[in-house]
Number of protein chains: 2
Amino acid sequence: MPNSGNFFEKQRSASIQNKSRLCVGLDPDPNRLPKGVDLKDFLFSIVDATSDLVASYKPNAAFFEREGVAGYRLLQELIEIIPEHIPVILDAKRGDIGHTAAAYATAVFDVMKADAVTVNPYLGTDSLRPFLDHTEKGVFILCKTSNASAGEFQDLLVGDEKIPLYLRVAELANNWNEHSNVGLVVGATYPEEAARIRATAPDLEFLIPGVGAQAGDLAAVVDASIDRNGQGFVISSSRGILYAWETGEAGDPGYAPGGWQDAAREAANQARIEILNVVDSRGKTWGDA
Amino acid sequence: MPNSGNFFEKQRSASIQNKSRLCVGLDPDPNRLPKGVDLKDFLFSIVDATSDLVASYKPNAAFFEREGVAGYRLLQELIEIIPEHIPVILDAKRGDIGHTAAAYATAVFDVMKADAVTVNPYLGTDSLRPFLDHTEKGVFILCKTSNASAGEFQDLLVGDEKIPLYLRVAELANNWNEHSNVGLVVGATYPEEAARIRATAPDLEFLIPGVGAQAGDLAAVVDASIDRNGQGFVISSSRGILYAWETGEAGDPGYAPGGWQDAAREAANQARIEILNVVDSRGKTWGDA
């Protein structure tokens, strides 16, 4: 069975339980906090307000490292308070030679206790091996990223077959998946590329950022990414949920205290339903597998 | 003038003052500490024992993250106690989309107060821009790494010119160097590739790991990397210096207390002299520029 590694099983269970293919990204910005709320309260409350609506959470290491030692501690505490049945993907994009990659794998999986991690493939197999050897964890390999200059290297045509580099990464990711613990990062901003990656890697789960603030087309990328079982992806959204309170009623005089949590919950639920609607409209339901 | 950015100026000054092209890598392993010495004492003493022998220090983030919050704090303290005139390269191999890369740049340069950082080019220009915009800092881009599987992607022939991917990275690195703050990571284990990179990027400083534990050939990689001014590189060594005490006299009954610091100092000095000897034997001296 594809993706039967523990992380992917766990994400699938949460996904079925919460009827959700939404991964909420936790990218805290201390300059965008509701008045009187600190970073820790903000994040803990966001988790509290959304944990029955998500398939997974994805804290991004950069935003915690930016806060120094206190931020690093907060990241650890945050992962601890996320309910046990919701898996945590640490978005850290690590990648180093084997000796060092082993230290990163220990840091991410054993110290931070994340269930999965994002990694960069540029250094090749031996740099990924220490992560892949944690067979109960998930390893999402950057394939085609969501940013504007993603193509500078990722689209270069390589080798005799003249396929883009990102497809070569997808090919090797298939080989790396012997323990069913490999996924791919595929940006929502590139649905055509997503379709080619899906054709090359029919069994690999996609982690799809780039909807919302980055303006990817949800329907197009779902069409491109959905696998033959109607599964195979989660859509990640960060800013659109965390900072939903900044728009709409938040500025109104009558905006109730606690309204920012409601706004996050509402935005998460809306994203959850939008994704499911696209899936449903393609004749796929959660029961299919 | 090539590489006149503040980081490179600072490294050059230290290099001239200490007559050294050696960068000591600080990759602490808590299982390889002299008896009765903790991680902090060990690292602080290594710096104390070697700071008049080096061009720069290169702590590797992975080995500090592996120690959790305490390790993260230690990394910050370590950077603080390194003498002001010796620059610090944080070996972190970061790389993410622009919004997140900006958070990493703040974390590395403003919070950790490193003078330079290693970054991964896979996501292209906009992922590097936030680092490059810190014009007073150094940005070392992974080009050809020292590990065995480096070539899986880095050696793929790309584009119409059919040049290896790592050379395409070097070409773009030239463009990114408008503030003279860009360097390249080039593994000592691939001297032929280093020569091609030097030909493509005549003005970029190389950070060269892979001598010592990884068995790169020092003379070959110096020949390949030295620029037309007899400059253009530092050689990084970590384990060969930090753990010099484990070999030789360290196991002898007569081994003096404090001997592990002497062993590190001796190993660093030996590495420093070996590198200078190769440079001298090529008819280059420090005065050339």
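A brief report on the enclosed structure follows. All values reported here derive from a predicted model rather than from experimental measurement.

### Regarding the overall build of chain A
Here is step 1: Counting its secondary structure elements, chain A contains 12 helices and 10 strands.
Here is step 2: Relative to a compact globule of 289 residues, whose C-alpha radius of gyration would be 19 Å, chain A shows 18 Å and is just as compact.
Here is step 3: Taken along the three principal axes of its C-alpha coordinates, chain A extends 65 × 45 × 35 Å.
Here is step 4: In chain A, 73% of the contacts between residues at least 6 apart in sequence involve partners at least 24 apart.

### Some remarks on the relation of the copies chain A and chain B
Here is step 1: Screw-axis analysis of chain A against chain B gives a translation of 0.0 Å along the axis, an RMSD of 0.0 Å, and a rotation angle of 180°. This pairing of chains is accounted for by a two-fold axis. Taking C-alpha positions as the reference, the residue of chain A nearest the rotation axis is V158(A), at 2.4 Å.
Here is step 2: A shared interface surface links the copies, since 100% of the contact residues of chain A are contact residues in chain B too.

### With respect to the packing of helix α5 (residues 98-111) of chain A against helix α6 (residues 125-132) of chain A
Residues and elements named next belong to chain A.
Here is step 1: Where α5 contacts α6, the axes come no closer than 8 Å and their chain directions differ by 30°. By the angle between their directions, the pair α5 and α6 is classed as roughly parallel. In this structure, α5 meets α6 at a crossing whose hand is right-handed. For the pair α5 and α6, contact is made by G98, A101, A102 and A105 and by D126, S127, R129, P130 and F131, respectively.
Here is step 2: When grouped by side-chain class, the residues that make up the contact of α5 with α6 number five nonpolar, two polar and two charged.

### What about the interface of chain A and chain B?
Think of interface size as the accessible area that goes away when the parts come together; that is how it is often given.
Here is step 1: On the side of chain B, 46 residues touch chain A, which itself brings 46 residues to the contact.
Here is step 2: Every element with two or more residues in the side of chain A that touches chain B is listed here: α3 (61-65), α4 (68-81), α5, α6, α7 (151-154), β6 (157-158) and α8 (165-176) of chain A.
Here is step 3: The element best represented in the side of chain A that touches chain B is α5(A), accounting for seven residues.
Here is step 4: Residues of the side of chain A that touches chain B, tallied by class, amount to 21 nonpolar, 17 polar and eight charged.

### Quick look at the packing of helix α2 (residues 39-50) of chain A against helix α12 (residues 259-281) of chain A
Residue and element names in this part refer to chain A.
Here is step 1: Direction vectors running N to C along α2 and α12 enclose 45°, while the axes themselves pass 9 Å from each other. Looking at the two axes, α2 sits oblique to α12. Viewed along their axes, α2 and α12 form a crossing whose handedness is right-handed. Facing α2, whose interface residues are S45, I46, A49 and T50, α12 presents Q261, A264, R265 and A268.
Here is step 2: When the residues that make up the contact of α2 with α12 are grouped by side-chain class, the tally is four nonpolar, three polar and one charged.

### Focus on the sheet that holds strand β4 (residues 116-119) of chain B
Strands pair in a sheet through their backbones, by hydrogen bonds, and they do so in one of two ways: parallel or antiparallel.
Residue and element names in this part refer to chain B.
Here is step 1: The strand order β2-β1-β10-β9-β8-β5-β4-β3 describes an open sheet built from eight strands, whose pairing is parallel. Where the open sheet ends on each side, the last strands, each with one partner, are β2 (56-59) and β3 (89-94). Neighbour-to-neighbour, the strand axes of this sheet turn through a mean angle of 30°, independent of strand direction.
Here is step 2: In this sheet, strand β10 (residues 233-237) lies alongside strand β1 (residues 22-26) in parallel orientation, the contact comprising three bridges. Across the sheet, the residue bridging to C23 is S236, located in β10.
Here is step 3: Sheet strands touched by helix α8 (residues 165-176): β5 (138-144) and β8 (182-186). Its angle to β5, the strand with the most contacts, is close to 160°.

### What about unusual backbone geometry?
Here is step 1: Unlike most non-glycine residues, K113(A) shows phi in positive territory, near 60°.
Here is step 2: Mapped onto the secondary structure, K113(A) falls in the loop between α5 and β4 (116-119).
Here is step 3: With a phi angle near 55°, K162(B) is a residue other than glycine that sits in the positive phi range.
Here is step 4: Within the secondary structure, K162(B) sits in the loop between β6 (157-158) and β7 (163-164).
Here is step 5: You can call K162(B) exposed: it has 11 C-beta atoms within 10 Å.

### Quick look at the sheet that holds strand β3 (residues 89-94) of chain A
Residue and element names in this part refer to chain A.
Here is step 1: The eight strands lie next to each other as β2-β1-β10-β9-β8-β5-β4-β3, forming an open sheet whose pairing is parallel. Because the sheet does not close on itself, it has two edges, and the strands there are β2 (56-59) and β3. Each strand axis lies, on average, 30° off the axis of its neighbour in the sheet, ignoring direction.
Here is step 2: Pairing of β3 with β4, which is carried by three bridges, proceeds in the parallel orientation. Considered in β4, the bridge of I89 is made with A116.

### Quick word on the nonpolar core
Here is step 1: L184(A) and L184(B) are the most contacted members of the largest nonpolar core, which has 196 residues in total.
Here is step 2: Those residues in contact with L184(A) that sit more than four places away from it in its chain are F140(A), I141(A), C143(A), A170(A), A173(A), I197(A), A201(A), L204(A) and F206(A).

### Quick look at α12(A)
Residues and elements named next belong to chain A.
Here is step 1: The terminal C-alpha atoms of α12 lie 32 Å apart, and with 23 residues this matches the ideal 33 Å at 1.5 Å per residue to within 8%.
Here is step 2: Taken together, the buried positions of α12 are W260, A263, A264, R265, A267, A268, A271, R272, I275 and V279.
Here is step 3: For α12, the secondary structure elements touched by its buried residues are β1 (22-26), α2, α10 (218-225), β10 (233-237) and α11 (239-242).
Here is step 4: Looking at the residues trailing α12, positive phi occurs at G283, about 75°.

Definitions and limits used
Residues numbered from 1 in each chain as written. Chains lettered and ligands numbered in written order. Predicted model: local features only at pLDDT ≥ 70, side-chain atom pairs only at ≥ 80, totals over all residues. Helix = DSSP H or I, 4+ residues; strand = E, 2+ residues; numbered from the N terminus. Rg over C-alpha atoms; globule rule 2.2 N^0.38 Å. Contact = placed C-beta atoms within 7 Å. Least-squares fit on C-alpha atoms with pLDDT ≥ 70 in both. Axes fitted to C-alpha atoms, helices over the stretch in contact; angles between N-to-C directions. Parallel < 35°, antiparallel > 145°, perpendicular 65-115°, else oblique. Left-handed = near helix turned anticlockwise from the far one by under 90°. Nonpolar A, V, L, I, M, F, W, Y, C, P; charged D, E, K, R; others polar. Pairing = 2+ DSSP bridges. Buried ≥ 20, exposed ≤ 12 C-beta atoms within 10 Å, placed from the backbone. Core = buried A, V, L, I, M, F, W, Y, C linked by C-beta atoms within 7 Å. Expected span 1.5 Å × (residues − 1).

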